[in-house]
Structure formats: structure tokens, C-alpha cells
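# Summary of the model geometry
Next come the chains, spelled out residue by residue.
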Amino acid sequence: MGMTGTDQNNSVMSNCIFIRADASSIIGAGHVMRCLTISISLRQLGFECIFIQDYIHLEWLKVLILNSGCRLQSLSQISLHQTNRHLLLIDSYKVSPSDLEIRTLNWGAVVQIVDPETPLIQSNMYISPNPLPDSRLSDLRVPKYQGIDYIPDIVTGK
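Turning our eyes to something else, we now look at helix α1 (residues 30-44). With 15 residues, α1 extends 22 Å from end C-alpha to end C-alpha; this agrees with the ideal 21 Å at 1.5 Å per step. Burial in α1 covers these residues: His-31, Val-32, Cys-35, Leu-36, Ile-38, Ser-39 and Leu-42. Immediately beyond the C-terminal end of α1, within one or two residues, lies Gly-46, with a positive phi of roughly 100°.

Pasting the structure below:
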């Protein structure tokens, strides 16, 4: 399922993508920087990208996000309910399956960027930017993308 496609209910998904990526002086800014790169490509394809600012604790990084043309929004300003058609992209070591905002019923789709240290959550798609396969993903019956060629696949569904 590409982001420009339809979901299992055949209703068109929004072209708005929310991004949860953590950044702080302790964990660094790598997750946000990776998502910022993805968001720049998505914006060129007409998607609106909104970073959930509650997880970004570096002011200089918030300025960088805004300067890229993306928006910042507080989690409390996002309406979470079953009719939400937006996509949530998650890149986080701190995410927990018990976090209410990441439940798939609150989104049109949830996409998670994973590496061996990332906790897996229920998602509609997994992306592993690592060149080596992630064995945790092998038995999952959802789309999985490996390596550095995942960005065109996510956007176009090819």
C-alpha cells in the first residue's frame, strides 16, 4: 500500500503525514534528521508533513524543521479517533506499544522505521534502512522494505 493509494476500506488517505521522531541532548537528533530527509522528498510529491513536537527537545532542530517547510504540532492538538485518515510515520527508540497516539485505529496507516534496537509496534508497514535483514520482520504479514531504496517504494507503492 503506497501512501498515495487507498487503505483496506478503499477510502482515500489524506496527503498529511504526521511524524513522531525523538530528539534530545541525550539521544541526539538522528531519528529526526532521517525523517526530515524523508519529509523533504514527500513534500516535493505534494504531501504535508507535520512533526509532533512533543518528542523533539532541541530548539535548533525545531527551527530546522520549520525552515524545511514542515510544520510542528503538539500531540494535544491532534485529534485521535477512528476516522483519522492521516498517516503516522514513527522513528523512535522510546515508542511503546501502550502509547495511545500510536495505535493503528487512530490513523489511516502507521509506518515504523525500525532497526535492531527499536521496539516493534503494530504497524501497517515497516521500513528497515539497514542493509542487513531484520529477523523480527520476516514472519510479519505486512509490507516490509529493506535497505536504502525504501523511499520511492513508500511514496509510489511500487
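What follows continues from the structure just given.
Attention now goes to the pairing of strand β2 (residues 48-52). By the criterion of burial, β2 is predominantly enclosed, with 4 of the 5 residues buried. Pairing of strand β1 (residues 16-21) with β2, which is carried by 4 bridges, proceeds in the parallel orientation. Note that in β2 the partner of Ile-19 across the bridge is Phe-51. The parallel pair β1 and β2, bridged by α1, forms a crossover whose chirality is right-handed. Direction of pairing for β2 relative to strand β3 (residues 71-73): parallel, over a ladder of 3 bridges. The residue bridging Ile-50 from the neighbouring strand is Arg-71, located in β3. For the handedness criterion, the β-α-β arrangement of β2, helix α2 (residues 59-67) and β3 is classed as right-handed.

What counts and what doesn't
- Residues numbered from 1 in each chain as written.
- Predicted model: local features only at pLDDT ≥ 70, side-chain atom pairs only at ≥ 80, totals over all residues.
- Heavy atoms only, no water.
- Helix = DSSP H or I, 4+ residues; strand = E, 2+ residues; numbered from the N terminus.
- Expected span 1.5 Å × (residues − 1).
- Buried < 20%, exposed > 50% of the residue type's maximum accessible area, 1.4 Å probe, protein only.
- Pairing = 2+ DSSP bridges.
- Right-handed = clockwise from strand over helix to strand, strands pointing away.

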